[in-house]
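# Close look at the chain arrangement
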Amino acid sequence: MSLPLLLILLMILLAVGGYGIAAARQPGGSRRVYGATLVICVILLLLALARLLAGQGVQTLILPFGLPWLGAYFQLDALSAFFLVVVNLGGAIASLFALGYGQHERSPERVLPFFPAFLAGMNLVLVAGDAFSFLFAWEFMSISSWALVMAHHQESANARAGYLYLVMAFFGTLTLLLAFGLLAGADGGYTFGAMRAHVVSPGLAALVLVLALLGAGSKAGVVPLHVWLPLAHPAAPSHVSALMSGVMTKVAVYGFIRIVFDLLGEPVAWWWGGVVLALGGVTALLGVLYALMQHDLKRLLAYHTVENIGIIFIGLGLALAFQANLMYASAALALTAALFHVLNHSLFKSLLFLGSGAVLTATGERDMEHLGGLIRPMPWTALAFLIGAAASSALPPLNGFVSEWLTFQAILISPERPQWMLKFLVPAVGALLALSAALAATCFVKAFGITFLGRPRSPVAAQARETDLYSLTAMFILAGLCLLAGILPGLVVDGLSAAVGQLNGSALLPVQRSQPWLTLVPVTDVKSTYNGLLMLLFIGVSGFTAAWLIHRLASGRVRRGPAWDCGFPEPSPMTQYTAGSFAQPIRRVFGSILFQARERVVMPPPGDLRPARLEVEIHDPIWERGYVPVVNAVVAVSSRFNYLQYLTIRRYLGLVFGALVVLLLGMVLWR
Amino acid sequence: MRGLAFDIAHFLAGGMVLVSFMLLYQDRVYALLNIFALHALVLALAVGWQAHTQEAPHLYITAAVALIFKAIVIPVVLRRIVQQLGIHRTLEVVGGVGRDMLAGTGLVALSILVMLPVTQGADPLAREDLAFALAVVLLGLLLMVNRHNAISLVIGFMSLENGLILAAAGARGMPLAVEISVAFSILIALIVIGVFLFRIRERFDSVDMQAMDAFREGRRK
Amino acid sequence: MALMADYLVQGCQMALMLLLAPLLTGWIRWVKARLLRRRGPSILQPYRDLLKLLRKEVVLADSASWLFRVAPYLIFSALWVGASLVPTFASGLPFSWAADLIAIVALLGTARFFLALAGLDVGTSFGGIGSSREMMIASLAEPAMLMMVFTLSLLAGTTELSSVARFMSTADVGLRVSLALSLLALIMVAIAENARIPVDNPATHLELTMVHEAMVLEYSGRHLALIELSSSLKLLLYFSLIGCIFAPWGMATAGSTPGAYLYGTAIYMAKLALGGFLLALFETSIAKMRVFRVDEFLGAALMLGLLGALLLFVSRGL
């Protein structure tokens, strides 16, 4: 019942995109577009939620378009339903935010048509039931988001980001195409059902895994395929950044899960899990270290997305390793942790990007070095951003902690893995995860502290004003959800059970609803338990009691005065710690090896009146070692073939003819 | 073999690895010598315990040799040399301690990975001892590779040799003659090294290996 | 009725933490003074300081925001809750399952997060120095501590502290290298996290190398009292943690007689006194290190923790 309705709603969403072309020129047109997407996303969200809670089972639908002899297959199961919830929750909130934020858009004709199309594209990926419709929807999603990245193409950095994004997106689609080809086999059953039934030989299955990692990983931002992400996500308008970072990366994760866990069947070898696990660990650590080096607020958030993708892949890798060893109960825990983190990251990353959007509207600045002190003019935005920052730093009792806690439990649960490499890899990845969690807290102390606290570093920051009510509502809904998912994690885990069971041979975690005090019990209650609700209660009660008692019995007086600062307060706000100086110790500890960070003090000679300068030089090893050589090689090869541009018409025809003959010969030889 | 006896042997052998790490962490000459004495002391205890559990009295001699020569004589002599040469200042580390420690952890993991699957079926204590001994040897090599100062080169070499003794003690059946000859060769090595240190110092005014490298580079040109 | 008694014991534990924290700080200061051949202030001096600070008015910097005023209460309550969740004189208290060791580590993280933000809030250079260095220290110390948690949980099969304590007091733990490594790592982390010598000096102001004191420089009056009490609580928490994991003897179990509880409390106080004495002895016999040696110190702790976990995986595989 719900699948046809869902598809009809997606059609309406596309129609709204069409209307967006016209609406861009009307006054109030953007309100109407975003209002429509809000309503549609809420309906979709409710549908998906109902489907998710209904349990397992697949609903399929064949529509007579697409390839002539095949039709287009659509399907809806618990896994799709969970990701539909994530996508449409993000979509609804972004639309709500854009009701206010969209008013400030300079060129609405470049945003309004593509925003609903982007949403429709992501939804379509999740309900696609065969390789063609999946890849079509995937490309549709990529290209509509590319158009949104290019919305402000006048800035040259954005144009470069868009170009890089396009190249990486095509690369990803290509690898996914190959993966589907291998999955379908020579007989070419391109529906998901046929692929599931088709058994792939172990070697080819490993190839499919690698291709899926490349394709979905490049979209999700797995290191070293992440390079486009921190450029492209911040380039788009902020509500779109929230969607790209919070939601589109999750669609990529969905693609990976769908191919590797569902279509490919049971993992054959343990090293599959090992590879994914190691990639996840490296991605998490490098992502957060890159994030710490940034002083552009939105780019910092984008790099932090890379870290979270790493955490999700750690969970998925563990699940693969467990499944390969037939330990399904443990695999259920790892999968639950990964999916929970998918939800959590979509919540707090959307919230943080929306907050950065509010800052951008209020000040026109993304560079933290020019911000500061925004907590006074924008107290509500600051509160919402603080909740998001605390959630993404994995602080209890918020939601980010719960999924990291579950991931840790999945790492700890399993000493009895037979493989030697895993025995070493798992604690090492645990250390990487712990390190990146601690660094994430540092990163968000920096992001929040430099942007919102202290004294304003520029006139625009001093003259900022609180953002509009729509945007605030959107942010506070997300903040509330972060808190709710943090204190009632058991309900979320129960909600995920249908999706987990579907991927995992129906092995599940214990039912959480029936636990006393709604405690989270991942394995059994003798192992480990966590109760966010009680934590919140304890902290809240003891904090309020302390405040009340102190004000009642001791003193409640306050006097305002100049800052103390050891007796040498300096009036210039430039003497505060900046984003760069805050990260300096970390840069010194980690960056000197990883980023070849060098600091140089340039002292003018005596008598010269120029100021001394401290110069910092940071290299990006992945870009410089991995991508630049490829780019150079491509440039070299293409300049070699440049003469092909100046051939006679006869030569061109000859080329075409030759290519045709070679292909035909190839076919003959292949047979 | 399980139970307390195993636990103590495991603990002492692991203690050797730990002390090797402490050697890696030190960057002062005197502290390095003290830790080396500790290294030898733990070795003596480990070997002594092996002698007790294996009921192999000749191992007591090995333990005594380790205790007297390595824990007392060699550190004292080296300390003298350091005093006479006046090189008790901070050592330089190539790279940085953090990187060394990370590499060291990797080496320990490597040695365990290499040793345990190979020796499947052997006595668990011997297996663990062998793994730890290999780790100590590798850490000693790392110390030798990553330091400039000739003194830490010597210490690295000696701790490496301690690792060999640990392996030999765990493996059961290394003849006493070999033990004693190894011990004496070490002593002779010490004397030779000591003489060399003085000669090097006389000639180059430094025991920093980088300075010597620079000299060699210069001659080749 | 038994339930009521359980809750009563839990309440006693919370009160005990609050009461003991300044005493421990006073004791360490007194021992240190004695070791330096000074007479030193009375052991009760921290209580007097706190009461005096509580009665004073707060002088807020002009540029301080609401976060600056809320943070002390948040920090205090997070640390108090964290300290109360560590088994001290008795294990298996009614709320011991509400948070395991990982959650306690994360609670410490929550307190630190807000403390670092408060350091940045006024917008002074000292506050920034403190916050930035504190977060650098924490980003190495927290993983080192989590590696210790890994080792414990692999051994005991749980991350819940009461069960860990019960497991550690049984005979089948044995002497293990991993445990020694973890203990060493935990002590190093505790030294760094509590701003003790050689990482930071708790008794100094106006020194470029200070970390913790630089962050709280702008606090005064009742806010400062809460911050001071919180750092005492944090120290107590680490002492209790080391005690309950590595010296779990003499602890009462839930539901035992009041006599057993009293006995447990006496043993616990003795452990604290011994630990405090050792800390003071250590602090007087060592010099403070440069700030940029701290990362090597903590990196070593992290590596020791990791090594412990690795070795454990090995000895389990045998």
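Residues numbered from 1 in each chain as written. Chains lettered and ligands numbered in written order. Predicted model: local features only at pLDDT ≥ 70, side-chain atom pairs only at ≥ 80, totals over all residues.

### Observations concerning the overall build of chain A
Going by this rule: Runs of H or I in DSSP of at least four residues are treated as helices and runs of E of at least two as strands, each being numbered from the N terminus. Our radius of gyration is a C-alpha quantity, and the globule rule it is checked against amounts to 2.2 Å times the number of residues to the power 0.38. Comment: burial labels come from other C-beta atoms within 10 Å of the residue's own C-beta, placed from the backbone, where a count of 20 or more is buried, 12 or fewer is exposed, and between is partly exposed. By the criterion used throughout, residues are in contact when their C-beta atoms, derived from the backbone, lie within 7 Å.
Of the regular secondary structure elements, chain A holds 24 helices and 5 strands. Over its C-alpha trace chain A gives a radius of gyration of 26 Å, about what one expects of a compact globule, namely 26 Å for 671 residues. Overall, the C-alpha framework of chain A stretches about 90 × 70 × 60 Å when taken along its three principal axes. Each of the 671 residues in chain A was classed as buried or not, and the buried ones make up 56%. Intrachain contacts of chain A at a sequence separation of at least 6 include 79% that bridge at least 24 residues.

### Side note on the overall build of chain B
When its secondary structure is counted, chain B shows 8 helices and 0 strands. Ordered by position from the N terminus, the helices and strands of chain B form the series α-α-α-α-α-α-α-α. The 221 residues of chain B split such that 44% are buried. A separation of at least 24 residues holds for 71% of the contacts in chain B among residues at least 6 apart in sequence.

### A closer look at the pairing of strand S2 (residues 72-76) of chain A
Residues and elements named next belong to chain A. Put simply, the rule is: A pair of strands is considered paired only if DSSP assigns at least 2 bridges between the two.
Of all 5 residues making up S2, 5 are buried, and the element is well covered by its neighbours. Side chains of S2 alternate between two faces, with Ala72, Phe74 and Leu76 and Tyr73 and Gln75 buried alike. Two elements, strand S1 (residues 59-63) and S2, share 5 bridges in a ladder whose sense is antiparallel. Residue pairing for S2: Leu63 is matched across the bridge by Ala72.

### Some remarks on unusual backbone geometry
Backbone torsion omega between Val223 of chain A and Pro224 of chain A reads 10°, so that peptide bond is classified as cis. Along the chain, Ile197 of chain C connects to Pro198 of chain C via a cis peptide bond; the corresponding omega equals 10°. Along the chain, the position of Pro198 of chain C falls in the loop between helix H7 (177-193) and helix H8 (212-215). Within the chain, Asp565 of chain A stands out as a residue other than glycine whose phi angle is a positive 50°. Among the secondary structure elements, Asp565 of chain A is positioned in the loop between strand S3 (558-561) and helix H21 (579-582). One non-glycine residue, Cys566 of chain A, lies in positive phi territory at about 60°. Its location among the elements puts Cys566 of chain A in the loop between S3 and H21.

### Looking at the interface of chain A and chain C
Rules: Polarity classes work like this: nonpolar for Ala, Val, Leu, Ile, Met, Phe, Trp, Tyr, Cys and Pro, charged for Asp, Glu, Lys and Arg, and polar for all others, with Gly in that last group.
Contacts between the two partners involve 72 residues from chain A, matched on the other side by 75 residues from chain C. Taken together, the residues that form the side of chain A that touches chain C break down as 44 nonpolar, 18 polar and 10 charged. For S3 of chain A and strand S1 (residues 58-61) of chain C, the ladder comprises 4 bridges, and the chain directions are parallel. Residue pairing in the sheet places Gly561 of chain A in a bridge with Ala61 of chain C of S1 of chain C.

### A few points about helix H19 (residues 489-503) of chain A
All names here are of chain A. Test applied: By this rule, a helix spans an expected 1.5 Å times one less than how many residues it contains.
Relative to the 21 Å expected for 15 residues at 1.5 Å per residue, H19 spans 21 Å between its end C-alpha atoms, a close match to the ideal helical length. In terms of burial, H19 is largely enclosed, as 11 of its 15 residues are buried. Buried residues of H19: Pro489, Gly490, Val492, Val493, Leu496, Ser497, Ala498, Ala499, Val500, Gln502 and Leu503, and no others. Of the residues one or two after H19, Gly505 is the one with positive phi, at around 55°.

### So, the interface of chain C and chain B
Listed per partner, the contact involves 19 residues of chain C and 18 residues of chain B. Every element with two or more residues in the side of chain C that touches chain B is listed here: H7 and helix H11 (291-317) of chain C. Sorting elements by how many residues they give to the side of chain C that touches chain B places H11 of chain C first, with 12 residues. Residue composition of the side of chain C that touches chain B, grouped by class: 12 nonpolar, 4 polar and 3 charged.

### Some details on the packing of helix H2 (residues 29-54) of chain B against helix H3 (residues 57-85) of chain B
Residue and element names in this part refer to chain B. To be explicit about the condition: Only C-alpha atoms enter the line fits that serve as axes; for helices the fit covers just the stretch in contact. Angles between N-to-C directions range over 0 to 180 degrees. Roughly parallel here means an angle under 35 degrees, roughly antiparallel means over 145, roughly perpendicular means 65 to 115, and every remaining angle is called oblique.
Remark: H2 packs on H3, axes separated minimally by 7 Å, with the N-to-C direction vectors making an angle of 175°. Viewed along their axes, H2 and H3 adopt a mutual orientation that is roughly antiparallel. Grouping the amino acids of the contact of H2 with H3 by side-chain chemistry returns 20 nonpolar, 4 polar and 2 charged.

### A few points about the confidence of the model for chain B
All names here are of chain B. Heads up, the condition is: For every residue, the pLDDT score states the predictor's confidence, bounded by 0 at the bottom and 100 at the top.
Summary statistics for chain B give a mean pLDDT of 76 and a share of 73% for residues scoring 70 or more. Mean pLDDT across the secondary structure elements of chain B bottoms out at helix H8 (residues 209-220), with 59, and peaks at H2, with 87. Two numbers describe this predicted complex: its pTM, 0.91, and its ipTM, 0.95.

### With respect to the packing of helix H13 (residues 328-363) of chain A against helix H18 (residues 469-487) of chain A
All names here are of chain A. Selection criterion: In this scheme the crossing of two helices becomes right-handed for a clockwise turn of the near helix relative to the far one and left-handed for an anticlockwise turn of less than a right angle.
Across the interface, H13 lies against H18 with an axial gap of 9 Å and an inter-helix angle of 150°. Taken together, the axes of H13 and H18 are roughly antiparallel relative to one another. As H13 packs across H18, the resulting crossing turns out to be left-handed. Between H13 and H18, the residues in contact are Leu343, Asn344, Leu347, Phe348, Ser350, Leu351, Leu354, Gly355 and Ala358 and Ser471, Ala474, Met475, Leu478, Ala479, Leu481, Cys482 and Ala485, respectively.

### Let's talk about the environment of Val342 of chain A
All names here are of chain A. In this fold, Val342 is placed in helix H13. Separated by 162 residues in sequence, Val342 and Phe180 place their C-alpha atoms 24 Å apart. What Val342 contacts, discounting residues up to four positions off in sequence, is Val86, Lys250, Val253 and Ile312.

### Concerning helix H6 (residues 161-168) of chain C
Those residues of H6 of chain C that fall on the buried side of the exposure criterion are Leu161, Ser162, Ser163, Val164 and Ala165 of chain C. On its buried face, H6 of chain C is in contact with strand S2 (90-91), helix H4 (101-121), helix H5 (125-156) and helix H9 (221-246) of chain C.

### Some words on the environment of Ser514 of chain A
All names here are of chain A. On the secondary structure map, Ser514 appears in the loop between H19 and helix H20 (532-553). Judged by local crowding, Ser514 falls into the exposed class, with 10 C-beta atoms found within 10 Å. Residues Ser514 and Leu231 lie 283 residues apart in sequence; the distance between their C-alpha atoms is 46 Å.

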